[in-house]
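Inside the fold
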Amino acid sequence: MIRIVQVCLLAVFAAGLLSVGCATPPKPRELDALERLRANPDMPAARKRAPDLCKKADGELATATKKWQSNDLGESVNSALLGQIFFRHALALVDQDKSNVRIADAEDALSSAAEERQKVQKDLDDTNEKIGLLQKQTQMTVEMKELQAQRDADKKADEDKLAQEKLQAETAAKVAEAEVAIKTAETVNAPKYAPELYKSAVQILDKAQGEVQSKQMQQAQSSAAIAKKTADDAFAAAKPSYDRDSQAEENHKKADALFAAASALPGVTARRDVRGSLQRIIVAVPADRLFVKKQTVIAPGKDMVLDPIAELIKKKDFQNFPVQVVGYTDSRGGETSNLALSGARAQSVFNALVTRGVDVRRMMASGQGGAEPIADGRTAAGRASNHRVEIVFLYQ
Amino acid sequence: MNMATQRNRATKRGQPNEGMMTRYTTMFLFLAVLAVPVMARAGEADDLQRQIDYLKQTTNDLERQDDQKAVATEIAMMRSWLDNAWTLRSQEKYEEVRIVLDRCEAQANMVRQLLTASELAAQADAKEKEVKRARGQLDRTKKALENAKIQKARLEGRV
């Protein structure tokens, strides 16, 4: 029995040894790696791309597996490594193809993008060019508007300035006119003959000048116009009085000169008197210096006394004096005959003066008879004085 | 006829000793037969050494080309294998050396392809970056065009 048990145990031990000796060793890591590599998703592509390499790898896989199973681990590892190399080689080729495809795709995309960008860039350039033109146009429009506005402003300023200058000139002219009018009024001594109007005109002119200073041209013009009108009125008001007084004064001066000259004449008497508004210078020529007895014709040789009188009448300074040739007689005799005698003698003297160049239009002749005696008619000397021809210069 | 007899005959005739000649030839041939395997083994060792040197040089070249260090592991493995091959050669295990060198050769070819694949991938990446940049530029240009059209329309309205 013991023997049987011993035999059995021996048999079991022998079987164990046998089983241990015949068991497959652990699979090499390289073989595992090769099998994982073979399951790579890219492997179908690799087989298509490099069928020879994959076939060789498959062969190495089979060899490695066989060697492993036959316990030849060294050979198994070597084949597994070779198989990996072949598979990885094939996969590298696949990767290259993929990269080439990526490169080609990228180049296509680049080309497409570049083409599209070129087109877009061209559109952009065109648009930017148009924008540039539009901006330039806009800028030019703005500049033109500004220029136009500036021109308008300048024009308006010029017009305003011109209008202002014109207004100033007009105002100055009107003020000058008023000043001239006042000066003109002064020439007729308006301060004397129209003092109210003159004073008013001067005040209004002062006001106008003040308004000119304060640039109130319209008011200045109005004031100057009023001042001018007032000055004109003053002139108009003063002129008649001025003229009259001036004439009178002049006449008086001339009359004084005339009287002095007449007084210096030989054989005549000169006197002055006033009759109404008329002033008179009377040059009395005794009748016996011209006539013989009752004659009416100037006696020959006696008319020389008229020469200086005629020269006096013709003298330029006295040409505006009207002259009356008035004959007188003494109070004796009939009035009618005296009037005729005095008138005839006056006419003779008149003619003699005309003969000596005196303007006939300046003179008139009349006879007054025995009127207006200048001496006592009761004496012979008085009657001789009253018997006369007077040359009367009239003035106002 | 043995060799000694032939030598004696040649001497006697005053001619070159045929026996000696034969003996020398035989010896030469014997030595040659003995030397051929030795020489062949020596030539094989040299040949393997040249292959190992060549593959080491190849490894260096590949390493120089691998500026992206994409195949550093494979090259390190190849160096290890070549060291192993050198050791095996030293141990005159020429058959095993050839197996290893064949594997190294295959590895070198694979590494070349991996390098090429890596370069192409880098090129593809660069191209794709370029594409991305170009598309970015295109998008910006399109946007600029859109804005320019808006500006143009606004200006046209103003003008």
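From a predicted model like this one, the values you see are computed outputs, not experimental measurements.

Quick look at the interface of chain A and chain B now. Across the boundary between the two partners, chain A contributes 36 residues, which contact 34 residues of chain B. A class-by-class count of the residues in the side of chain A that touches chain B yields 16 nonpolar, 12 polar and eight charged.

Moving on: the environment of Arg280 of chain A. Residues and elements named next belong to chain A. With respect to the helices, strands and loops of the structure, Arg280 is situated in strand β2 (residues 278-286). Owing to 17 C-beta atoms within 10 Å, Arg280 belongs among the partly exposed residues under this scheme. Sequence separation of Arg280 and Gln396 is 116 residues, and the distance between their C-alpha atoms is 8.3 Å.

Okay, the nonpolar core next. Side chains of a nonpolar character, in soluble globular proteins, are inclined to be buried together. Formed by 52 residues in total, the largest nonpolar core has its most connected members in Phe86, Phe87 and Ala90 of chain A together with Ala85, Leu101, Cys104 and Val111 of chain B. In this view, Phe87 of chain A contacts Leu37, Arg38, Ala46, Cys54 and Ala57 of chain A; residues no more than four positions away in its chain are not counted. One finds Ala262, Ala284, Val349 and Ala352 of chain A within the second-largest nonpolar core, a separate group that totals 34 residues.

This part covers unusual backbone geometry. Unlike most non-glycine residues, Asn71 of chain A shows phi in positive territory, near 70°. Take Asn71 of chain A: it is sitting in the loop between α4 (51-69) and α5 (73-187). A positive phi angle is found at Glu92 of chain B, which is not glycine, with a value near 55°. Summarising the element assignment, Glu92 of chain B is placed in the loop between α3 (72-90) and α4 (94-158).

This part is about the confidence of the model for chain B. The predicted structure's coordinates, where accompanied by low pLDDT, should not be read in detail. Residues and elements named next belong to chain B. Averaged over all residues, the pLDDT of chain B is 85; the fraction at 70 or higher stands at 84%. The least confident element of chain B is helix α1 (residues 3-12), whose mean pLDDT is 49; the most confident is α3, at 95. Predicted complex metrics record ipTM = 0.75 and pTM = 0.51.

Time to look at the sheet that holds strand β3 (residues 323-328) of chain A. Residues and elements named next belong to chain A. If you walk across this open sheet you meet the five strands as β1-β2-β5-β3-β4, and the pairing is mixed. The open sheet terminates on both sides in strands that have one partner only, identified here as β1 (269-275) and β4 (363-367). Strand-to-strand twist of the sheet, defined as the mean angle between neighbouring strand axes without regard to direction, takes the value 25°. Here β1 pairs with β2 via seven bridges, running antiparallel. Considered in β2, the bridge of Arg271 is made with Ile282. On top of the sheet, helix α8 (residues 217-263) reaches β1, β2 and β5 (388-395); it is set at about 10° to β2, its chief contact.

About the criteria used
- In every chain, residue numbers begin from 1 and rise along the written sequence.
- Going through the entries in the order they are written, you letter the chains from A and number the ligands from 1.
- pLDDT decides what is reported in this predicted model: residues at 70 or higher carry local features, side-chain atom pairs at 80 or more are listed and counted, and totals for whole chains, interfaces and linings draw on all residues regardless.
- Here, residue contact means that the backbone-derived C-beta atoms of the two residues sit within 7 Å.
- Only Asp, Glu, Lys and Arg are considered charged in this grouping, and only Ala, Val, Leu, Ile, Met, Phe, Trp, Tyr, Cys and Pro are considered nonpolar; every other residue, Gly among them, is considered polar.
- A run of H or I in DSSP counts as a helix once it spans at least four residues, and a run of E counts as a strand once it spans at least two, with each numbered from the N terminus.
- A residue is called partly exposed when the number of other C-beta atoms within 10 Å of its own lies between 12 and 20, exposed at 12 or fewer, and buried at 20 or more, with C-beta atoms placed from the backbone.
- The nonpolar core criterion groups buried Ala, Val, Leu, Ile, Met, Phe, Trp, Tyr and Cys residues into a set whenever they are joined through C-beta atoms within 7 Å.
- The predictor rates its confidence in each residue with pLDDT, a number between 0 and 100.
- Two strands qualify as a pair provided DSSP detects at least 2 bridges between them.
- A fitted line through C-alpha atoms represents every axis, and for helices the fit uses only the stretch in contact; the resulting angles, taken between N-to-C directions, go from 0 to 180 degrees.

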